[in-house]
Amino acid sequence: MTKRLKDNADPVEYQRELGKTIGEVSRAWRHEMNHQLKPLGLNLSMRQVLMQLHRNPEGLIQRDLARRLGIEGPTLVRLLDLLERKDWIQRLAAPDDKRRKYSVLTPKAAEQIKTIEKLSGKLSHKMMKGLSAGEIESSLHVMRRIRDNLVES
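Numbering of residues starts from 1 in each chain and follows the order in which that chain's sequence is written. Restriction of local features to residues with pLDDT of at least 70 applies here, the model being predicted, together with a cutoff of 80 or more for giving and counting side-chain atom pairs; totals for whole chains, interfaces and linings are based on all residues. Excluded from the side-chain calculation are hydrogens and water; included are all heavy atoms of the structure.

1. Some details on the packing of helix α2 (residues 44–55) against helix α5 (residues 109–128)
- At a minimum axis distance of 11 Å, the contact between α2 and α5 shows a crossing angle of 110 degrees. By the criterion of interaxial angle, the relationship of α2 to α5 is roughly perpendicular. Read as a crossing pair, α2 and α5 show a hand that is left-handed. Taken together, the residues of α5 that come into contact with α2 (itself represented by Arg-47, Leu-50, Met-51 and His-54) are Ile-113, Ile-116, Glu-117 and Ser-120.
- Under the scheme applied here, ten amino acids are nonpolar (Ala, Val, Leu, Ile, Met, Phe, Trp, Tyr, Cys and Pro), four are charged (Asp, Glu, Lys and Arg), and all others, including Gly, are polar. Of the residues in the contact of α2 with α5, the class split is 4 nonpolar, 2 polar and 2 charged. The angle between two axes is taken between their N-to-C directions and runs from 0 to 180 degrees, where each axis is a line fitted to C-alpha atoms and a helix contributes only its stretch in contact. Put simply, DSSP marks the helices as runs of H or I at least four residues long and the strands as runs of E at least two long, and each gets a number from the N terminus on. Each angle receives one of four descriptions, namely roughly parallel if under 35 degrees, roughly antiparallel if over 145, roughly perpendicular if within 65 to 115, and oblique otherwise. Crossings are sorted by hand: turned counterclockwise from the far helix by less than a right angle, the near helix makes the crossing left-handed, and turned clockwise it makes it right-handed. Two residues form a contact once any of their heavy atoms are found within 4.5 Å.

2. Looking at a nonpolar patch on the surface
- Like charges within 9 Å and nonpolar side chains (Val, Leu, Ile, Met, Phe, Trp, Tyr) within 5 Å are joined into patches, using only residues over 30% in relative accessible area that form no salt bridge. All accessibility values rest on the Shrake-Rupley procedure with a 1.4 Å probe; residue burial counts only the protein chains present in the view. The term salt bridge refers to a side-chain nitrogen of Lys or Arg lying within 4 Å of a carboxyl oxygen of Asp or Glu. A contiguous nonpolar patch, built from Val-25, Met-127, Met-128, Leu-131 and Ile-136 and spanning about 380 Å² of accessible area, is present on the exposed surface.
- On the secondary structure map, Met-128 appears in helix α5.
- A relative accessible area of 31% means that Met-128 is categorised as partly exposed. Here the term buried applies to any residue with accessible area under 20% of the maximum for its type, exposed to any over 50%, and partly exposed to those in between, with areas from a 1.4 Å probe on protein chains only.

3. Points about the pattern of salt bridges
- Within the structure shown, the criterion is met by 7 salt bridges.
- Asp-148 serves as the salt-bridge partner of Arg-147, at 3.1 Å between the closest nitrogen and oxygen.
- We classify Arg-147 as partly exposed; its relative accessible area is 46%.
- One connected set of salt bridges, linked through shared partners, spans Arg-63, Asp-64 and Arg-67.

4. Digging into the sheet that holds strand β3 (residues 97–105)
- Paired strands are those between which DSSP finds at least two bridges. Overall, antiparallel pairing links the 3 strands, which are arranged β1-β3-β2 in an open sheet. Where the open sheet ends on each side, the last strands, each with one partner, are β1 (60–61) and β2 (89–94).
- Across 2 bridges, the pairing between β1 and β3 is antiparallel. Bridging from a neighbouring strand, Leu-60 pairs with Ser-103 of β3.

5. Let's talk about the confidence of the model for the protein chain
- Summary of the metric used: pLDDT quantifies the predictor's per-residue confidence within the range 0 to 100. Within the protein chain, residue pLDDT values average 91, and 93% of them lie at 70 or more.
- Highest mean pLDDT in the protein chain belongs to α2 (95); lowest belongs to β3 (86).

6. What to know about the pairing of β2
- Across 6 bridges, the pairing between β2 and β3 is antiparallel. Paired with Leu-92 across the strands is Tyr-102, a residue of β3.

Structure (structure tokens):
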């Protein structure tokens, strides 16, 4: 259900429509990812924690992990508690400061990471269906510029 704007449409209308569409894509992706993860006992937030730790095998301090995920500390602690109960992460005291905790993946999480990556790849393929490499490259360029404009503010 694509809304086609008229050739003589006001540029502000295009900007508004683009902003609305970015939100719709984000919500649709989140919904579908959560739907795919639910049978595994996971949700998108837990996935994000696991993937950040997977990308940082040495572990991350909780404060840094919360910052990378864009969430508050108490929210992260609840997610870490859930993942720890599943034996997918372990929290270790920093050697130089016992008050600081590092979160690391456990060996049991390796299978979950493989499954998550497989699901993510399938969803990405579904999402990009029918798009040419040039369209994807152009879209990526535009989205990075939009992100950079927001981050610079």
